[in-house]
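The primary structure of each chain is shown beneath.
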Amino acid sequence: DSAGLAELASLVERYGVVESMRLVRPKSCAFINFFLEDVAVAVLEHLSSDEGRGLLLNGKRLTANYAKARAPTGEQLEQYEGG
């Protein structure tokens, strides 16, 4: 939903350049990739701080975590092993 993405972007773009964002409404979460890893670390630290706990999106408090790595597919493994 573009309205939700625009609102989320306005909250997180102040920290740094956003490479991509994806909203997953059924799970009430979003995936945000920042251009620089340092920015992602800073956002995570800020949202974990007392000051950052006040950030709200549509009345819901924002929290941040790193995404869990997915296991590579067989095709990805073949590409990696093949060089």
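Our structure is the block above this text.
Every value quoted in this text rests on a predicted model; they were computed, and no experiment measured them.

Broken down by element type, the protein carries three helices and four strands. Scaling as 2.2 N^0.38, a compact globule of 83 residues should have a C-alpha radius of gyration of about 12 Å, whereas the protein reaches 15 Å, well beyond that. Counted over contacts in the protein with a minimum sequence separation of 6, partners at least 24 positions apart contribute 26%. With the model as given, the accessible surface of the protein reaches about 6700 Å², and the carbon-plus-sulfur share is 51%. Computing the positive centroid from 9 side-chain charges and the negative centroid from 12, the protein places the two 12 Å apart.

Attention shifts here to the layout of surface pockets. Here the largest pocket is characterised by a volume of approximately 1000 Å³. Elements represented by at least two residues in the lining of the largest pocket include exactly α1 (2-12), β2 (29-34), α2 (37-48) and β4 (60-61). Examining the composition of the lining of the largest pocket, we find that six residues originate from one element, β2, more than from any other. Here the residues of the lining of the largest pocket are counted per class, giving 18 nonpolar, six polar and five charged. Its boundaries defined by the atoms lining it, the second largest pocket holds a volume of some 180 Å³. Around the second largest pocket sit Ser20, Arg22, Phe31, Asn33, Ala67, Lys68 and Arg70, which together line it. Taken together, the elements giving at least two residues each to the lining of the second largest pocket come down to β1 (18-24) and β2. For the lining of the second largest pocket, the class distribution of residues is two nonpolar, two polar and three charged.

A separate point is a nonpolar patch on the surface. Side chains of Val17, Phe35 and Leu36 sit close together on the surface and give an oily, nonpolar patch of about 340 Å² of accessible area. Positionally, Leu36 belongs in the loop between β2 and α2.

Definitions and limits used
Residues numbered from 1 in each chain as written. Predicted model: local features only at pLDDT ≥ 70, side-chain atom pairs only at ≥ 80, totals over all residues. Heavy atoms only, no water. Helix = DSSP H or I, 4+ residues; strand = E, 2+ residues; numbered from the N terminus. Rg over C-alpha atoms; globule rule 2.2 N^0.38 Å. Contact = heavy atoms within 4.5 Å. Areas by Shrake-Rupley, 256 points an atom, 1.4 Å probe, with all protein chains shown as cover. Lys, Arg positive; Asp, Glu negative; His and termini not counted. Charge placed at Lys NZ, Arg CZ, Asp CG, Glu CD. 1 Å grid on protein atoms, 1.4 Å probe; cavity = no way out; pocket = protein on both sides within 12 Å on 5 of 7 lines; lining within 4 Å. Points joined across faces, edges and corners; volume = space filled by probe spheres on them. Nonpolar A, V, L, I, M, F, W, Y, C, P; charged D, E, K, R; others polar. Patch = residues over 30% accessible without salt bridge, like charges linked within 9 Å, V, L, I, M, F, W, Y side chains within 5 Å. Salt bridge = Lys/Arg side-chain N within 4 Å of Asp/Glu carboxyl O.

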